[in-house]
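Spelled out, the chains give:
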Amino acid sequence: MADAAGRLTALAEQVLGAPLPVRLRAWDRSESGPPGTPVLVIRRRRALRRLLWKPGELGLARAWVAGDLDVDGDLYEALDLLSGSFWERGEDTTRPSGLTALLSALRDPGTRAAGIELIKIAGAGLPPSPPPEEAARTRGGRLHTPRRDKAAISHHYDVGNTFYERVLGPSMVYSCAYWESPGSTLEEAQQAKLDLVCRKLALEPGQRLLDVGCGWGSMVLHAAREYGVSAVGITLSEEQAAYARKRIAEAGLADRIEVRVQDYRETFDGPFDAISSIGMAEHVGSARYAEYAAELYGLLKPGGRLLNHQIARRPLTDEGAYEVDEFIDRYVFPDGELAPVGRTVGQLERAGFEVRDVEALREHYALTLRRWVANLETHWDEAVRLSSPGRARVWRLYMAASALSFERNRIGVNQVLAVRTPESGASGLPLRTREWRS
């Protein structure tokens, strides 16, 4: 097939009514589009068949994960350019994305010739099988039951601890770091975040801390070592728990830290003086969030503090129009959901908490993600060997796209400090909880 890139560029621009923002390179080595931009590489015609059989982000995701689609050049720039032209809708959920408009137009009788041309270029064939890294469409059971949540957590976290070491670095903290400046190291910023949480919780020697979704144990280790608490960490990942227990034993803190493979709904040994939940509540789901808030409230002693660190999306005019991102759901966080920070605060208040502080860390997460991407790219060959080419590609796309989403204010992340204030009304907080500075 001669000049596949030129034919695809003409077809896309005909239907979109605008120039393509990136250059195209096709499987026949033909190129078309603006020079000096990142190049969207269509390595196999199969990528087009994936889009024809599954229009939208999922078709694109499958092509990327399978290696049918790639980017030559700056990935961040390519994603930024393509998001504005193809799939971003902004706050107007009634307006279709460029990709949806393109595919709808191809089915319209008025543009049937364009549709026939795309099918010719794509070649005949059955729909390609999804990449093996994709989570099964039917995962069994009702949404957000303990059993189904454990399966979802396993899909994301049980990839291999060494893989995560290469991406996250020595801190092994998989949540937004807290940066003094962009020149800080990732490890410094992650230690600063752990210390920030401990200070907000006002931890003191002898207290009991519960860390919900404890990951590889970094929070409980920091709290026990630096603040003298006894800590319980819970996770649904067997691999995380094994790794955390090994770290705790090597630190000589096994007498003060316990890590369990346990759901928050199955934790009954409260009360705790403080609870941290860092990057876990995104897995809870909107239907279960009231239950989650009530469970944590019940596990705290009167006067105890909760620090809830959670990614938030922008609110929609019609909240009923919210849909979980298909790429994230199938390849990254099965069953994960994001909520606006206002809804989170409201749910915590309805559970009985007094919300005392909300700190937005949106820019901090963008910096964190870019460091994780750099780590992955530095260790790319090893990451592929430790997981699979598709899994490494999932993580590179997911983290790079997420970094841009935080930078562009499409999503944010917030630390919400809440207190189980006793009937006396004494919150235990000082008159000034923190100092603000520019």
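Residues numbered from 1 in each chain as written. Predicted model: local features only at pLDDT ≥ 70, side-chain atom pairs only at ≥ 80, totals over all residues. Heavy atoms only, no water.

### As for the packing of helix α15 (residues 362-378) against helix α17 (residues 389-407)
Short version of the rule: Interaxial angle, 0 to 180 degrees, is taken between N-to-C directions of lines fitted to C-alpha atoms, where a helix line uses only the stretch in contact. Runs of E in the DSSP output that reach at least two residues are strands. Runs of H or I that reach at least four are helices, and both are numbered from the N terminus. Should an angle lie under 35 degrees it is considered roughly parallel, over 145 roughly antiparallel, and from 65 to 115 roughly perpendicular; all remaining angles are considered oblique. A clockwise turn of the near helix away from the far one marks a right-handed crossing, whereas an anticlockwise turn of less than a right angle marks a left-handed crossing. We call two residues in contact whenever any of their non-hydrogen atoms come within 4.5 Å of each other. We call Asp, Glu, Lys and Arg charged. Ala, Val, Leu, Ile, Met, Phe, Trp, Tyr, Cys and Pro are nonpolar, and the rest, Gly among them, are polar.
Direction vectors running N to C along α15 and α17 enclose 155°, while the axes themselves pass 8 Å from each other. Taken as axis vectors, α15 and α17 run roughly antiparallel relative to one another. By crossing handedness, the relation of α15 to α17 is classed as left-handed. Residues Arg-362, Tyr-365, Ala-366, Leu-369, Arg-370, Trp-372, Val-373, Leu-376 and Glu-377 of α15 form the contact with α17, whose own contacting residues are Ala-392, Trp-395, Arg-396, Met-399, Ala-400, Ser-402, Ala-403, Leu-404, Phe-406 and Glu-407. The class makeup of the residues in the contact of α15 with α17 is 13 nonpolar, one polar and five charged.

### Observations concerning the pattern of salt bridges
Using the following cut-off: The term salt bridge refers to a pairing of a side-chain nitrogen on Lys or Arg with a carboxyl oxygen on Asp or Glu at a separation within 4 Å. Residue burial is assigned from relative accessible area. The probe radius is 1.4 Å, only protein chains are included, and a residue is buried under 20% of its type maximum, exposed over 50%, and partly exposed in between.
Tallying each qualifying case throughout the model produces 33 salt bridges. A salt bridge links Asp-80 to Arg-410; the shortest N-O distance between them is 4.0 Å. With Asp-80 in helix α4 (residues 75-87) and Arg-410 in the loop between α17 and β11 (411-419), this pair connects stretches of sequence that are 330 residues apart. When its relative accessible area of 25% is taken as the criterion, Asp-80 is described as partly exposed. Classification of Arg-410 as partly exposed rests on a relative accessible area of 27%. We note a salt bridge from Asp-195 to Arg-199, for which the minimum N-O separation is 3.2 Å. With a gap of four residues between them, Asp-195 and Arg-199 both fall in helix α9 (residues 186-200), about one helical turn apart. Its relative accessible area of 47% is what places Arg-199 among the partly exposed residues. A cluster of three or more residues bridged by salt bridges with shared partners is formed by Asp-80, Arg-370, Glu-407, Arg-408 and Arg-410.

### Side note on the side chain of Ser-184
Among the structural elements, Ser-184 can be located in the loop between α8 (161-168) and α9. Taking the relative accessible area as the measure of exposure, Ser-184 reaches 10% and is therefore buried. When near neighbours in sequence (up to four residues on either side) are disregarded, Ser-184 contacts Trp-179 and Arg-371.

### Some remarks on the pairing of strand β9 (residues 300-313)
The condition that has to hold: A crossover gets the label right-handed when its path from the first strand over the helix to the second runs clockwise, viewed with the strands pointing away from the viewer. Whether two strands pair depends on DSSP finding at least two bridges between them.
Among the 14 residues in β9, 11 count as buried, and that is most of the element. Note on the crossover from strand β8 (residues 272-278) through helix α12 (residues 289-299) to β9: the handedness is right-handed. Bridge count between β9 and β11: nine bridges; the pairing is antiparallel. If you follow Arg-305 over to β11, its bridge partner there is Val-419.

### Details of the packing of aromatic side chains
Selection rule: Paired rings are identified among Phe, Tyr and Trp, the last through its six-membered ring, by centres lying within 6.5 Å, and are further divided according to the angle between planes into stacked (under 30 degrees), edge-to-face (over 60) and tilted (the rest). Only lysine NZ and arginine CZ atoms are considered, and such an atom sits over a ring when it is within 6 Å of the ring centre and within 35 degrees of the ring normal.
On inspection of all chains with the given rule, the structure shows 15 aromatic pairs. An aromatic cluster of three or more residues is present, and its members are Phe-163, Tyr-164, Tyr-174, Trp-216, Phe-333, Tyr-365, Trp-372, Trp-395, Tyr-398 and Phe-406. A cation over a ring is seen here: Arg-208 above Phe-272, with NZ or CZ 4.1 Å from the ring centre. Over the face of the ring belonging to Tyr-322 we find Arg-313, whose NZ or CZ atom lies 3.9 Å from the ring centre.

### Quick word on the sheet that holds strand β2 (residues 31-32)
In a beta sheet, neighbouring strands are held together by backbone hydrogen bonds and run either parallel or antiparallel to one another. Spatial strand order, β2-β1-β3-β4: four strands in an open sheet with mixed pairing. The open sheet has two free edges, formed respectively by β2 and β4 (69-72), since each of these has just one partner strand. Where strand β1 (residues 23-25) meets β2, two bridges bridge the pair, whose relative direction is antiparallel. The residue of β2 that forms the bridge with Leu-24 is Ser-32.

### A word on empty space enclosed by the protein
As a reminder, the rule being used: Here a cavity means grid points, on a 1 Å grid over the protein atoms only, where a 1.4 Å probe fits yet cannot get out; a pocket means an open set of points with protein on both sides within 12 Å along at least five of seven lines; lining residues are those with an atom within 4 Å of a point. Grid points are joined across faces, edges and corners, and a volume is the space filled by probe spheres set on the points.
All told, the structure shown has three cavities of 30 Å³ or more when counted by the stated rule. Considered as a void within the structure, the second largest cavity measures approximately 100 Å³ in volume. Lining the second largest cavity, in full, are Ala-281, Gly-285, Ser-286, Tyr-289, Gln-310, Glu-337, Leu-338, Ala-339, Arg-343, Thr-344 and Gln-347. Ranked by residue count, the leading element in the lining of the second largest cavity is helix α14 (residues 341-350), at three residues. Looking at the lining of the second largest cavity residue by residue, the classes come out as four nonpolar, five polar and two charged.

### Side note on the environment of Thr-185
Its place among the elements puts Thr-185 in the loop between α8 and α9. Residue classification places Thr-185 among the partly exposed residues on the basis of a relative accessible area of 34%. Along the backbone, Thr-185 and Arg-371 are 186 residues apart, and their C-alpha atoms lie at a distance of 9.0 Å. If near-sequence neighbours (up to four positions away) are discounted, Thr-185 is found in contact with Trp-179 and Arg-371.

### Here we look at the sheet that holds β8
Spatially, β7-β6-β5-β8-β9-β11-β10 is the arrangement adopted by the seven strands of the open sheet, whose pairing is mixed. Looking at which strands have only one partner, the edges of the open sheet turn out to be β7 (257-261) and β10 (354-360). This sheet shows a mean twist of 15° between the axes of neighbouring strands, independent of strand direction. In terms of strand pairing, strand β6 (residues 230-235) meets β7 through five bridges, oriented parallel. Bridge pairing in β7 links Gly-233 to Val-259. Seen against the sheet, α15 touches β9, β10 and β11 and runs at an angle of roughly 120° to β11.

### So, α14
Turning to α14, its buried residues are Thr-344, Val-345, Gly-346, Gln-347 and Leu-348. Buried residues in α14 make contact with α12, β9, β10 and β11. Taken from the residues just after α14, Gly-352 is the one with a positive phi, measuring 115°.

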